[in-house]
Amino acid sequence: MAGVTGKIALITGGASGLGAASGRMLAGEGATVILADIDRAQGEAVASDIGEAAEYAHLDVSQESEWQALISDIVKRHGRLDVLVNNAGIVVVATIEDTSQAQLDRVRAVNFDGPFFGCKHAIPAMSAGGGGSIINMSSAAAFVGTPAYAAYSATKGALRSLTGTVAVHCKQRGNGVRCNSIHPGGMDTPMVQNLAEGDVSPLAVELTAVGKTSDRFGHPDDVAAAVLYLASDESQFCNGSALSVDDGMAVGGFGLPE
């Protein structure tokens with residue numbers, strides 16, 4: 001896709017799953033990708049596998065100071081920032097009655113505070129370069145009730161709201177920055193695999209079932225293709241949109257037992 005050739009893209013949670021798949025696809029279409037993660041070994045391995053078009057950057061998304069330092073470094077070394085994919089996320093399997101304050105704080109810090117800080121500091125960097133595309137990785141859980149993981153669902157719903165707020169903010173200022181969200185419906189990623197292997201409770205079984213609405217789970221490349229489109233110049237009229245990649249889950253319900 002010619003619309004990402006030469007672009008500088010920062011992807012959080014880039015060491016695995018949807019982030020790694022998005023990095024590979026963007027780099028394959030001519031972008032330079034910075035894979036940000038807290039897992040240095042895995043992040044460096046993915047960057048090495050992609051090749052010269054990729055690099056690893058250590059980032060704890062919950063820390064605003066680390067966002068400021070990283071974006072400043074990217075602009076200094078590459079001259080600009082064109083794309084931000086707020087992909088890093090975590091899930092805790094717990095109903096609202098069972099979620100501890102520590103669990104809620106941690107999920108919120110990664111799933112919402114991280115993207116909030118990312119948007120906050122990417123906007124001026126992108127504005128200085130004439131615009132850019134912010135892509136927030138939300139979830140089908142933002143649209144439907146998901147008792148098994150209350151904190152996760154709440155933060156993903158908040159991220160959808162943040163996306164609209166950022167989109168309108170940037171449009172009002174005419175800075176050329178767009179913001180859209182993607183809503184996967186449970187994918188074949190390490191996060192889901194780890195839950196399936198490490199916890200066979202009814203709640204974990206419910207979580208791993210999310211997304212398998214046909215004969216397969218969603219593949220990371222299904223989401224990466226959506227990232228590629230929203231990052232590209234071909235999507236310039238998409239702003240504030242919520243793109244579902246869930247095989248109809250959000251509109252048809254999760255179809256799971258109570």
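With 12 residues, helix H1 (residues 17-28) extends 17 Å from end C-alpha to end C-alpha; this agrees with the ideal 16 Å at 1.5 Å per step. With respect to burial, H1 is a largely interior element, 9 of its 12 residues being buried. The complete set of buried residues in H1 reads Gly17, Leu18, Gly19, Ala20, Ala21, Ser22, Gly23, Leu26 and Ala27. Count one or two residues on from H1 and you reach glycine 30, which has phi positive near 105°.

In total, this model carries 0 disulfides according to the counting rule given. Note on cysteine 119: no disulfide assigned, nearest cysteine sulfur contributed by cysteine 179 at a separation of 4.7 Å. The cysteine cysteine 170 is free of any disulfide, with cysteine 179 supplying the nearest cysteine sulfur at 7.2 Å.

Within this structure, the stated rule accounts for 3 aromatic pairs. Taken together through their ring pairs, the aromatic side chains of Phe112, Phe116 and Phe117 make up a single cluster.

Here we take up the pattern of salt bridges. Applying the stated criterion across every chain, the model contains 8 salt bridges. Between arginine 80 and aspartate 82 there is a salt bridge, with the nearest N and O atoms lying 2.9 Å from each other. Given a relative accessible area of 11%, aspartate 82 falls into the buried group. Linked by salt bridges that have partners in common, Glu55, Asp73 and Arg77 make up one network.

Let us now look at the sheet that holds strand E2 (residues 32-37). Strand order in the open sheet made by the 7 strands is E3-E2-E1-E4-E5-E6-E7, with parallel pairing throughout. Lying at the two open borders of the sheet, with one neighbouring strand each, are strand E3 (54-58) and strand E7 (242-245). When strand polarity is set aside, the average angle formed by the axes of neighbouring strands in this sheet is 20°. Sitting on the sheet, helix H4 (residues 101-128) is in contact with strand E4 (83-86), strand E5 (132-137) and strand E6 (177-184), with an inclination near 175° to E4.

Reading the values: rules and limits
- Residues numbered from 1 in each chain as written.
- Predicted model: local features only at pLDDT ≥ 70, side-chain atom pairs only at ≥ 80, totals over all residues.
- Heavy atoms only, no water.
- Helix = DSSP H or I, 4+ residues; strand = E, 2+ residues; numbered from the N terminus.
- Expected span 1.5 Å × (residues − 1).
- Buried < 20%, exposed > 50% of the residue type's maximum accessible area, 1.4 Å probe, protein only.
- Disulfide = S-S within 2.5 Å.
- Phe/Tyr/Trp six-rings, centres within 6.5 Å; stacked < 30°, edge-to-face > 60°.
- Salt bridge = Lys/Arg side-chain N within 4 Å of Asp/Glu carboxyl O.
- Pairing = 2+ DSSP bridges.
- Axes fitted to C-alpha atoms, helices over the stretch in contact; angles between N-to-C directions.
- Contact = heavy atoms within 4.5 Å.

Remember, this is a structural readout, not a statement about activity or role.
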